Amino acid sequence: MPSFGHAALVLSFFLSLGLTGAFFYGARSRHPALLRAARTGVFFLFALVTLSALALFYALLTDDFSVRYVAATSERNLPVLYKIGAFWAAQEGSLLLWLWILAGYMLAVALSQRGGGRGQELFPWAQGVLSLVAVFFSFLTSFIANPFARLLPPPPDGNGLNPLLQDPGMWGHPLLLYMGYVGMSVPYAFGMAALITRSPGAEWLRFTRRWTIFAWTFLTLGIVVGGWWAYRELGWGGYWAWDPVENASFMPWLTATAFFHSAMVEERRGILKNWNMLLIVFTFMLTIFGTFITRSGILSSVHAFAQSDIAPWFMGFIGLILAASLYLVLDRYGMLVGRGELESLLSKEASFLANNLILATITAIVFVGEVVPLLTKLWGVEVSVGPPYFNAVTGPFFLLMVLLMAVCPLLAWRRAHLRNLPRFLAGPFLFALGFALLLAAGGIRRPGALLGFFSAAFVLGSIVREFWQASRVRARALGLSLPRALGGLLVRNQRRYGGYIVHLGIALIVFGVVGSNYYQVSEKFSLRMGESATVGPYTLAYLGLEEGIRDNVDAVWANVEVRRGGKVVGVIRPERRFYPKFEQMGPSTEAAIRSSLTGDVYLILGGWDAGGTVASFQAFWNPLVPWIWTGLWVMVVGAALALWPLRRGREEGEEALYLRLRELEYDYRMGKMEAADYERWRAEILGEISARESARSQTSRRRRGGRRTP
Amino acid sequence: MVIANLPRAMTYYYPVDQYLMQRAELGTRHVQVKGKVVPGTIKWNPVALDLRFVIRENGREMPVAYQGLKPDTLQDDIEVVVAGRWEGNEFQAKSVMVKCPSRYISTENVGK
């Protein structure tokens, strides 16, 4: 079975090489038969990689310790769920996962291609680029980091999975993150295809916008679930430490977020072309860099770099891709110069541009903090760049970003109505101000916290206002009830209102981050049985120790009664587990967390005396942390609304123009633009519609004429 | 802004030997010291929440005391960064960070 899995990988390497050649050559020489064959080849590539992945699952599930990877990451006694998760617990398996997901995306791209239509010539080139990426990853897994490498004679049992990784969060995190990472290859590939074919239009963005949002959603999920894992499992009471691996996933998220915002500007207004191209190149680079940095071992020591088999290949690949992409961008720079221009600094597109600048700045800050310690290590000087740097330097930019999110929904495209804007902002602003004053009266006095809460409330207020006003205008225009008008908005302009729901989720996350960042309480105490201690609003009483089996290993836990305001709200059980394969680590921590609307009480069992009459604890009160996880689900709902194909096929051509016409009308009725501007832009869109209609009737007339004369 | 903040935000790690050499001039300043845990020196009293161990770098050793929980990953021979100051005849740590290779695990050394 292992040899079979490896053989499938080697075959997939040669197949991706062949596919790269076939797609590029077929596209260049316009060879439809070759391209058809290559598309079938993509299906085979996916099948081969799937077989190989199944072989690794099989080896893990059957405890085949003759496979070195299985011996290194699994053991007989591991729960089945984590035997499956061991697939992506270390380097070789993760790289195979990358390849597998890539092959899946390639298949999906091939299936999404419908014959005819504008921009179809991009497909083979984009598929060629994707095949090239597959060449790299199948090469690595076939020859450099082979997950099926043998260990003979096989040991009687494996080394086991690190207890820290035995957690549902760590099970899901890599999977979700890689869905996001790899998904960014699709818009990158289409961007490169647009450059290669010198197609100046925004077709590549139209083709890939769903892919980008899809991948971005998974990237978001992956990052937040990673924070959730760290929070539950690492036992320091926090969820984000600006650790290099965290930053590695955050940077592509920042650039991807910038990318799909400015892509909207290009789609609508034909500007920012060169900027978008650079953004997608950097996003793709950063996904590869992130994979590299987390999987090469380079972070644990510089020496790992020299020892690591995959590091030089990754560096080479990143260098090659970067050079080729930048060459293409520079060579075709003329094509990327937009025709339109920014009409006003007070417009949606200007606010998107500002968002881009802020995101790019934050990315640069994180990148510097990430790379400087790596570089200085090469000179033998060890420095650390930690949370104080990142929080202090990125904080003001995040604040600006959130404030921008509050203003943006109230702005029209092209040119907003200057005199009306203060009136729009007044409601949300006063709401946020009142909220902040209320908090200040309640004892929240730290300026950073007040500013953070204020801006998050500002975002909530302005989005609620937008929903309210838009539904009211629509209800009046069409004679609908308010709820029906709102439902219609969500269904008809999914992208816009889905996007605002995502922003709502971000506002919730801001509440959670600000609350836990400024008002975390941490206490350490030893308690005799029956004694209690307080942390934040909670009182914790130690009832005694128990032991038993949890997840197949021996565990000891303390029963701790939780009271709030004199009332018992439950019993929580912080644990210590004794993983036999990881004895040298000592009993491993399983924190107990009790969540409520206002925050989490988070308890770690430190140790105990011989009889268990005394136990020591570390306790945290983490205000508003549950809002972070809630905010994530709100974001996912918003993204799903934006993505869901409710109106399949109606987003192109005239339908899209009619949608824009309605949007323009509602924005006008909400007072977002001046009458003269409205009339002018309305006439423009109507002109485009009639131009399309006459073009279509001409072609159909021609067709009918053709039928008449055989 | 980035440039201005970076030098301030970067924290230098003193290897144990260098720190001990410069101790006189550093006095009781808050610093970060990096070293490897000397095998067999970890003493952890879970009831009193009192953790003691010795770290070593380039042949020099330094005793460290910390009041709090023992990090799961603190073990013999592992590299740690302790932040704190000199008090009496030991280093009183405010925090103990284990440079935890398991998070960036590669299977390099398995089965060899």
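Residues numbered from 1 in each chain as written. Chains lettered and ligands numbered in written order. Predicted model: local features only at pLDDT ≥ 70, side-chain atom pairs only at ≥ 80, totals over all residues. Heavy atoms only, no water.

**Quick word on the overall build of chain A**
To keep things clear, this is the line we draw: Numbering of helices and strands starts at the N terminus; helices are DSSP runs of H or I of at least 4 residues and strands are runs of E of at least 2. Values of the radius of gyration come from C-alpha atoms, whereas the globule rule sets the reference at 2.2 Å times the count of residues to the power 0.38. Relative accessibility decides the category of a residue: with a 1.4 Å probe and only protein chains considered, values under 20% of the type maximum give buried, values over 50% give exposed, and everything between is partly exposed. Contacts are assigned to residue pairs that have any heavy atoms within 4.5 Å of one another. Only the protein chains shown count as cover for residues, and all accessible areas are computed by the Shrake-Rupley method using a 1.4 Å probe. Residues counted as positive are Lys and Arg, residues counted as negative are Asp and Glu, and His and the chain ends are not counted. Positions of charges follow a simple convention, taking NZ of Lys, CZ of Arg, CG of Asp or CD of Glu.
Summing up its helical and strand segments, chain A has 22 helices and 11 strands in all. Taken against the 2.2 N^0.38 rule, which gives 27 Å for 710 residues, the C-alpha radius of gyration of chain A at 28 Å falls within 12% of a compact globule. Counting only C-alpha atoms, chain A reaches 95 × 70 × 50 Å along its principal axes. A buried classification covers 58% of the 710 residues belonging to chain A. Contacts in chain A between residues at least 24 apart in sequence constitute 73% of all its contacts with a sequence separation of at least 6. A total accessible area of about 28,900 Å² is found for chain A, and carbon and sulfur atoms account for 64% of it. Of the side-chain charges in chain A, 65 are positive and 46 negative, and the distance between the mean point of each set is 12 Å.

**Re the packing of helix 5 (residues 91-112) of chain A against helix 8 (residues 185-196) of chain A**
All names here are of chain A. We count it as follows: In this analysis an axis means a line fitted to C-alpha atoms, helices contributing only their contacting stretch, and an angle means the value between N-to-C directions, from 0 to 180 degrees. Oblique is the label for any angle not covered by the other classes, which are roughly parallel (under 35 degrees), roughly antiparallel (over 145) and roughly perpendicular (65 to 115). Note: crossing handedness is left-handed where the near helix turns anticlockwise from the far helix by less than a right angle, and right-handed where it turns clockwise. Under the grouping applied here, Gly and all other residues not named as nonpolar or charged are polar, the nonpolar ones being Ala, Val, Leu, Ile, Met, Phe, Trp, Tyr, Cys and Pro and the charged ones Asp, Glu, Lys and Arg.
Between helix 5 and helix 8, the shortest axis-to-axis distance is 10 Å and the interhelical angle comes to 55°. Taken together, the axes of helix 5 and helix 8 lie oblique to each other. Crossing of helix 5 against helix 8: the hand is right-handed. Contacts from W98, L102, Y105 and V109 of helix 5 reach helix 8 at S185, V186 and F190. Residue composition of the contact of helix 5 with helix 8, by class: 6 nonpolar, 1 polar and no charged.

**Quick look at the pattern of salt bridges**
Two side chains carrying opposite charge are able to pair once their charged atoms lie near each other. Residues and elements named next belong to chain A. Our working rule: By convention in these notes, a salt bridge is any Lys or Arg side-chain nitrogen within 4 Å of a carboxyl oxygen on Asp or Glu.
In total, this model carries 29 salt bridges over all chains according to the counting rule given. Here E349 and R269 are joined by a salt bridge, their closest N and O atoms 2.7 Å apart. One end of the pair, E349, is in helix 14 (residues 348-378); the other, R269, is in helix 10 (residues 244-269), with 80 residues separating them in the sequence. Here E349 matches R269 in class, with each residue buried. Among the salt bridges present, the one from E663 reaches R496, with a minimum N-O distance of 2.7 Å. In this pair, E663 is assigned in helix 21 (residues 653-669) and R496 in helix 19 (residues 494-519), connecting sequence segments 167 residues apart. One connected set of salt bridges, linked through shared partners, spans R268, E466, R496, E663, D667 and K672.

**Some thoughts on empty space enclosed by the protein**
All names here are of chain A. Filter applied, for reference: In this analysis, the protein atoms alone were mapped onto a 1 Å grid. Cavities are point sets where a 1.4 Å probe fits without being able to get out; pockets are open sets with protein on both sides within 12 Å along at least five of seven lines; lining residues have an atom within 4 Å of a point. Grid points are joined across faces, edges and corners, and a volume is the space filled by probe spheres set on the points.
All chains considered together, the criterion is met by 3 cavities of 30 Å³ or more. Of the pockets and cavities examined, the second largest cavity occupies roughly 110 Å³. If you trace the second largest cavity, you find 13 residues lining it, with L489, N493, R662, E663 and Y666 closest to the centre. Looking at the lining of the second largest cavity, the elements with two or more residues in it are helix 17 (447-478), helix 18 (482-492), helix 19 and helix 21. Ranked by the residues each element gives to the lining of the second largest cavity, the list is headed by helix 21, at 5 residues. Here the lining of the second largest cavity is composed, by residue class, of 6 nonpolar, 1 polar and 6 charged.

**Considerations on the pairing of strand 5 (residues 553-564) of chain A**
As a general feature of sheets, a regular strand has side chains that alternate between the two faces. Residues and elements named next belong to chain A. As a reminder of what qualifies: One requirement defines pairing of two strands: DSSP has to find at least two bridges between them.
Where strand 4 (residues 538-550) lies against strand 5, 12 bridges are found, and the strand directions are antiparallel. In the strand pairing of strand 5, G548 is matched with A555. In this antiparallel pair of consecutive strands, strand 4 and strand 5, the connection spans 2 residues, and D551 shows a positive phi of 50°. With 4 bridges connecting them, strand 5 and strand 7 (residues 575-578) associate as antiparallel partners. For W557, the partnering residue across the bridge sits in strand 7 and is E575. Where strand 5 and strand 6 (residues 567-572) come together, 5 bridges link them in antiparallel fashion. From the neighbouring strand, V562 faces strand 6, where its bridge partner is G570. What sits between the antiparallel neighbours strand 5 and strand 6 is a turn of 2 residues, in which G565 has the positive phi angle 55°.

**A few points about helix 18 of chain A**
All names here are of chain A. Which entries qualify depends on this criterion: Directions from the helix axis toward the C-beta atoms define the arc.
Along helix 18, the residues that are buried comprise A485, G488 and L489. For helix 18, the angular spread of buried residues about the axis comes to 105°, placing them on one side. Away from its buried face, by an angle of more than 90 degrees, helix 18 presents the exposed residues P483 and R484.

**Quick word on the confidence of the model for chain B**
Residues and elements named next belong to chain B. Quick note on the threshold: Per-residue confidence from the predictor is reported as pLDDT, a score between 0 and 100.
Mean pLDDT over chain B works out to 78, with 78% of the residues at or above the 70 mark. No element of chain B has a lower mean pLDDT than helix 1 (residues 2-9), at 52, and none a higher one than strand 5 (residues 60-67), at 94. Here the complex is predicted with pTM 0.90, and the ipTM for its interfaces comes to 0.77.

**Some thoughts on the packing of aromatic side chains**
To describe a pair of aromatic rings, one takes the distance between the centres and the angle between the planes. Note the cut-off: Stacked, tilted and edge-to-face pairs are distinguished by plane angle, under 30 degrees for stacked and over 60 for edge-to-face with tilted covering the rest, among Phe, Tyr and Trp rings (Trp via its six-membered ring) whose centres lie within 6.5 Å. Placement of a positive charge over a ring is assigned whenever Lys NZ or Arg CZ falls within 6 Å of the ring centre and within 35 degrees of the normal to the ring plane.
All told, the structure shown has 60 aromatic pairs over all chains when counted by the stated rule. Look at F13(A) and F139(A): their rings are 5.8 Å apart centre to centre, the planes differ by 50°, and that puts the pair in the tilted class. Taken together, the residues span a long stretch of sequence, with F13(A) in helix 1 (residues 2-28) and F139(A) in helix 6 (residues 122-144) at a distance of 126 residues. Its relative accessible area of 10% is what places F13(A) among the buried residues. Note on W242(A) and F250(A): the rings are 6.1 Å apart at their centroids and 65° apart in plane angle, and the pair reads as edge-to-face. F250(A) shares its class with W242(A); the two are buried. The ring of W557(A) is capped by R550(A), whose NZ or CZ atom sits 3.9 Å from the centre of that ring. For the cation-ring pair, R23(B) lies above W86(B), with the distance from its terminal atom to the ring centre recorded as 4.1 Å.

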